[in-house]
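# Chains, contacts and geometry: an overview
Listed here are the chains, written in short residue letters.
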Amino acid sequence: MDKILEVKNLSYSFYTYGGIVKAVRDVSFDVNEGEVIGIVGESGCGKSVTAQCIIKLNPEPPGFFSNGSILYKGKEIIKMPDKEIMKIRGLEIGFIFQDPMTSLNPTMKVGKQIEEIFVQRKLYNKKELKEKALEILKLVGISDGERRYNQYPHELSGGMKQRVMIAIALIGNPSIIIADEPTTSLDVTIEAQILDLLKDLQRNLKRTIILITHDLGVIAKMCDRVLVMYGGKIVERGLVDDIFYNTKHPYTSGLLCSIASLETDKDTDLQPIEGTPPDLFSPPLGCPFAARCEYAMEICYNKLPLEYNITHVHTTMCWLQHELAQEVVLPCKKQLISEVV
Ligand code: SF4
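Residues numbered from 1 in each chain as written. Predicted model: local features only at pLDDT ≥ 70, side-chain atom pairs only at ≥ 80, totals over all residues. Heavy atoms only, no water.

## A short note on the packing of helix H4 (residues 110–120) against helix H5 (residues 129–139)
Axis separation between H4 and H5 bottoms out at 9 Å; the angle between their running directions is 110°. Overall, the two elements H4 and H5 adopt an arrangement that is roughly perpendicular. Relative to H5, the crossing made by H4 is right-handed. Residues Val110, Gly111, Ile114, Glu115, Phe118 and Val119 of H4 lie in contact with H5, whose contacting residues are Leu129, Lys130, Lys132, Ala133, Ile136 and Leu137. For the contact of H4 with H5, the residue count by class is 8 nonpolar, 1 polar and 3 charged. (Axes fitted to C-alpha atoms, helices over the stretch in contact; angles between N-to-C directions. Helix = DSSP H or I, 4+ residues; strand = E, 2+ residues; numbered from the N terminus. Parallel < 35°, antiparallel > 145°, perpendicular 65-115°, else oblique. Left-handed = near helix turned anticlockwise from the far one by under 90°. Contact = heavy atoms within 4.5 Å. Nonpolar A, V, L, I, M, F, W, Y, C, P; charged D, E, K, R; others polar.)

Below is the structure:
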C-alpha cells in the first residue's frame, strides 16, 4: 500500500499564561492509502491536536510547531502557505468535528450550507447546486433529502446532523477523512449507524480514514491499525489484533480493563486507571505513564523508554521489553473484538 501521509518527529505546543504546554511530543507515524487508522487515548493525550496539525487547524498563535514534518502525498504541510493549505483543507483532506451543533450554522438551512461550500470551492454552476446537494445528502443515507434540504440544523436529530457534517466533509471528494470523536454526542444506536456509514463510505469510495476516539469499542469496530497516545506521545501502535490480543503497554492494558463489554456483569467493578495524566507544562523526564503504572521500575522515572518492536507493525514504548526487566503478562480484554464487530 502507498503511504498517503507521513508524520515525522512532530512536536506541537501552545503558549499559555501558565507557560508552554507541550501537547504533542516527537510523534511519528505513517498512514497508508485506503486504511482506517485509529488514534486512541484519554482526553488531553494529544490525539486531537495531532489530527488538527495535519491540516493546520490549530490557531497560531497560541499554537506552534516546534519540530517535525508532515508530508501529504509527498508535500510538506507545515511550511505550506495559508493559500495552499486552504486548497487541501476540505478538498483533499476532510474533517468531521465532534459536535455538529457548533460546526453547522444555526441560521442557515442545511441545503444552503452545502451549496455554499460548493460555491466557495467553485465546484458546480448555479443550476447544478441543488441537485448536487441532494445527491450528497443521499450518499450519507438521508433519504428524504428534499425535506432535509429545507430544514434548519435545530430541526434535525443528533444523528441526522452528524450525517450532514459527514456530507460536508465529503464535498470536495477528499482522499483522507479525519473524524474527531464523530459519535461522542450520540446515543449508542445512532453511534452504530454513523460508524456503519463511515465504514461503508470507506469501503465504497476507497477513502482513507483517521479516526480519533477515546473509545476502544469504536476502534475495534472500525480500524485496521491503532496508535495509542498518552502524555503527548505514541506509547503503543499495532494492528487492532495486536492491541487487543497481545497488549504490550500497561496504559493500553489499563484502557482495556476500564471499559465495559457486553459480557460485563452490571455488578462487576470496572477498573479505572488510577491517577491523572502528566503535566504537559513540564513533562516527566522518564516514561509519561510512570506515576500511574503498577509495573514502574526505577529507570521508568529517569529515562524515556525506547520504542521496542514486537513485530514489524507492533511497537511499544515501555521498559518492560528490556531484556533485564521482569516478565509481565498484561491483562487485556480479548473478547471485546468479537463482541462489537
Ligand atoms: Fe510502566 Fe515503566 Fe513501562 Fe512506563 S516504561 S509503562 S512506567 S513499566
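## Here's the deal with the packing of aromatic side chains
Scanning the entire structure with this criterion turns up 8 aromatic pairs. Arranged with centres 5.3 Å apart and planes meeting at 75°, the rings of Tyr12 and Phe14 form a pair that is edge-to-face. For the pair Tyr12 and Phe14, one class covers both residues: buried. On the basis of an interplanar angle of 70° and a centroid distance of 6.4 Å, the ring pair of Tyr308 and Trp319 is categorised as edge-to-face. Placement of the pair is Tyr308 in strand E11 (residues 307–309) and Trp319 in the loop between strand E12 (315–317) and helix H13 (336–340), with a sequence separation of 11 residues. (Phe/Tyr/Trp six-rings, centres within 6.5 Å; stacked < 30°, edge-to-face > 60°. Buried < 20%, exposed > 50% of the residue type's maximum accessible area, 1.4 Å probe, protein only.)

## Focus on the site of the ligand
Lining the immediate surroundings of the ligand are His249, Pro250, Cys287, Ala290, Cys293, Tyr295, Ala296, Cys300, Pro305, Cys318, Trp319 and Leu320. For the shell around the ligand, a count of residues per class yields 11 nonpolar, 1 polar and no charged. (Near = heavy atom within 4 Å.)

## Observations concerning the sheet that holds E12
If you walk across this open sheet you meet the 8 strands as E6-E7-E8-E3-E9-E10-E12-E11, and the pairing is mixed. Each of the sheet's edge strands pairs with one partner strand only, and the pair in question is strand E6 (93–96) and E11. The mean inter-strand angle of the sheet, taken between neighbouring strand axes irrespective of direction, is 20°. Of the strand pairs in this sheet, E6 and strand E7 (residues 176–180) are connected by 4 bridges, and their pairing is parallel. Across the sheet, the residue bridging to Phe95 is Ile178, located in E7. Lying over the sheet, helix H1 (residues 47–54) contacts strand E3 (36–40), E6, E7, strand E8 (208–213) and strand E9 (225–230), oriented at roughly 150° with respect to E8. (Pairing = 2+ DSSP bridges.)

## As for H5
All of the buried residues along H5 are Leu129, Lys132, Ala133, Ile136 and Leu137. Down the axis of H5, the buried set is contained in an arc of 140°. They therefore lie on one face. Those residues of H5 that are buried are in contact with H4, helix H6 (145–149) and helix H7 (158–170). Within two residues after H5, Gly141 carries a phi angle of roughly 85°, on the positive side. (Arc of directions from axis to C-beta.)

Bear in mind that shape data such as this cannot, by itself, settle questions of function.
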